[in-house]
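Okay, here's what each chain looks like letter by letter:
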Amino acid sequence: RAIAMSVSHSSRLNKLVREQYMKLPQDGLVQVTYVWIDGSGEGVRCKTRTLEKEPKSIEDVPEWNFDGSSTAQAEGSNSDMFLVPVRMFRDPFCLDPNKLVLCEVLKYNRKPAETNLRHTCKKVMDLVKDSHPWFGMEQEYTLLGINGHPYGWPDNGFPGPQGPYYCGVGADKVYGRDIVESHYKACLYAGVKICGTNAEVMPSQWEFQVGPCEGIEMGDHLWMARFILHRVCEDFGVVATLDPKPMTGNWNGAGCHTNYSTEEMRREGGLKHIEAAIEKLSKRHDYHICVYDPRGGRDNSRRLTGHHETSNIFEFSAGVANRGASIRIPRQVGQDGYGYFEDRRPAANCDPYAVTEAIMRTTVLNETGVETKDYAGH
């Protein structure tokens, strides 16, 4: 009974009945689900409308609106917000020809909403496009029962200490693989650039990787992968949390390690460009910590302790194959003399637009200090 109670009521509805309806033809009409980031900067929302024909490109998807006063994005007296479609994916839940569409949120005056961090990220990515920045982000997350307790953990007490769970196999080592495999397949179907997955160090903690993506594509694909994760978890009746430290004590936190390179770093002799970029990052540590979680570093301070494969939040460090450093150069890159590096500081609940934008501002646009430049004139 305890196990049954840790999943949501709606997940126990008869899915075979649903299947009956899902098979019904749509007569050429298409369901388009608009997805956006809400006022928390972490949550995603969605709503669906019917289009009369299948959109072939993002330009075929009309703008829409929603009540921003119900998503912490506007006051009730002036609550309409615009949904501006920016990237389209196949819908793995309702299947072809239906679509998922990621949207930017604009306020009544057409200015970006406070949590629309894509807007400035896109400007910066357009400025640096000649350097062809590639990103790959490793999204860690933890599965919770509907009661807020890590899924599969004993009701009273804890599992055995960390060690056997990372990349583990077996019912006593991993919890919730059905969810992970369903999410992976759903992302592949949708066209999300998911490139891998594994069980993480803490039991019921998992990771998936998205990339390589160029420029603004990174944030778009990671946000849609997160939406799909939450939606898959809903079907199974559990919750995915991106909290950077869901369990206090001797348990690993959750990050979103960000792998990054420019074209010159990927070429022969690129290591000197990697080292130059790391040098720039070392002088701007405080700025990066501020944007690497939604609360200006407060969330990350629970995770970046210098223990559990993290660096200390107050110190910048870099090293080859060092998982206790702020920046890790993979051993292979050290040997080859070119490739990429990994910024291990972003928290699991970071906004990928903010992270990738900050990295470009520092390493390509050569910004220094804690202030950012406004490139509106460009």
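Everything numeric in this text was worked out from a predicted model, so none of it was measured.

Draft legend 1. Inspection of the overall build of the chain at higher detail. What the chain contains, in helices and strands, is 11 helices and 13 strands. Scaling as 2.2 N^0.38, a compact globule of 378 residues should have a C-alpha radius of gyration of about 21 Å, and the chain matches this with 21 Å. Dimensions along the principal axes, computed over C-alpha positions, put the chain at roughly 60 × 55 × 40 Å. Restricting to contacts in the chain with at least 6 residues of sequence separation, those with at least 24 account for 67%. Taken as a whole, the chain presents about 17600 Å² of accessible surface, with 52% of it coming from carbon and sulfur. Averaging the coordinates of the 44 positive side-chain charges in the chain and doing the same for the 50 negative ones gives two points 1 Å apart.

Draft legend 2. Fine view of the environment of Glu104. Among the secondary structure elements, Glu104 is positioned in strand S5 (residues 99-106). Once the C-alpha coordinates of Glu104 and Tyr34 are considered, the two residues, 70 residues apart in sequence, prove to be 10.0 Å apart. Non-local contacts of Glu104, meaning those with residues more than four positions away in its chain, are made with Phe82, Leu83, Val84, Val86, Asn116, Arg118 and His119. At 3.0 Å, the side chain of Glu104 and the side chain of Arg118 are in polar contact. A distance of 3.2 Å separates the side chain of Glu104 from the side chain of His119, its partner in a polar contact.

Draft legend 3. Examining the environment of Lys272 more closely. Residue position: Lys272 is located in helix H7 (residues 271-282). Overall, Lys272 belongs to the exposed group, its relative accessible area being 55%.

Draft legend 4. View of the layout of surface pockets. As a volume, the largest pocket reaches approximately 440 Å³. Taken together, 14 residues form the lining of the largest pocket, with Arg18, Glu19, Pro92, Phe93 and Asp235 sitting closest to its centre. Elements represented by at least two residues in the lining of the largest pocket include exactly helix H2 (15-22), helix H4 (177-190) and helix H5 (217-236). The element that contributes the greatest number of residues to the lining of the largest pocket is H2, accounting for 4 residues.

Draft legend 5. Up close: the UniProt feature "domain: GS beta-grasp" (unreviewed entry) in the chain. Under the present numbering, the feature "domain: GS beta-grasp" (unreviewed entry) in UniProt falls on residues 30-110. Between the end C-alpha atoms of residues 30-110 there is a gap of 28 Å, over a span that is 0% helix and 48% strand.

Draft legend 6. Representation of a nonpolar patch on the surface in the model. A cluster of nonpolar residues, Val17, Tyr21 and Leu24, forms a patch on the protein surface that exposes about 330 Å² of accessible area. Judged by relative accessible area, Tyr21 falls into the exposed class, the value being 59%.

Draft legend 7. Unusual backbone geometry, seen in detail. The residue after Asp96, namely Pro97, is reached through a cis peptide bond having omega 10°. Backbone geometry places Asp27, a non-glycine residue, at a positive phi of 55°. For Asp27, the location among the structural elements is in the loop between H2 and strand S1 (30-37). Taking relative accessible area as the criterion, Asp27 reaches 72% and is therefore assigned exposed. The backbone of His132 shows a phi angle near 45°, a positive value even though the residue is not glycine. Residue placement: His132 occurs in the loop between helix H3 (118-127) and strand S6 (134-144). Given a relative accessible area of 31%, His132 falls into the partly exposed group.

Definitions and cut-offs
Residues numbered from 1 in each chain as written. Predicted model: local features only at pLDDT ≥ 70, side-chain atom pairs only at ≥ 80, totals over all residues. Heavy atoms only, no water. Helix = DSSP H or I, 4+ residues; strand = E, 2+ residues; numbered from the N terminus. Rg over C-alpha atoms; globule rule 2.2 N^0.38 Å. Contact = heavy atoms within 4.5 Å. Areas by Shrake-Rupley, 256 points an atom, 1.4 Å probe, with all protein chains shown as cover. Lys, Arg positive; Asp, Glu negative; His and termini not counted. Charge placed at Lys NZ, Arg CZ, Asp CG, Glu CD. Polar contact = N/O pair within 3.5 Å; in protein donor to acceptor, adjacent residues only side chain to side chain. Buried < 20%, exposed > 50% of the residue type's maximum accessible area, 1.4 Å probe, protein only. 1 Å grid on protein atoms, 1.4 Å probe; cavity = no way out; pocket = protein on both sides within 12 Å on 5 of 7 lines; lining within 4 Å. Points joined across faces, edges and corners; volume = space filled by probe spheres on them. UniProt positions renumbered as here; feature names shortened; annotations may be inferred. Patch = residues over 30% accessible without salt bridge, like charges linked within 9 Å, V, L, I, M, F, W, Y side chains within 5 Å. Salt bridge = Lys/Arg side-chain N within 4 Å of Asp/Glu carboxyl O.

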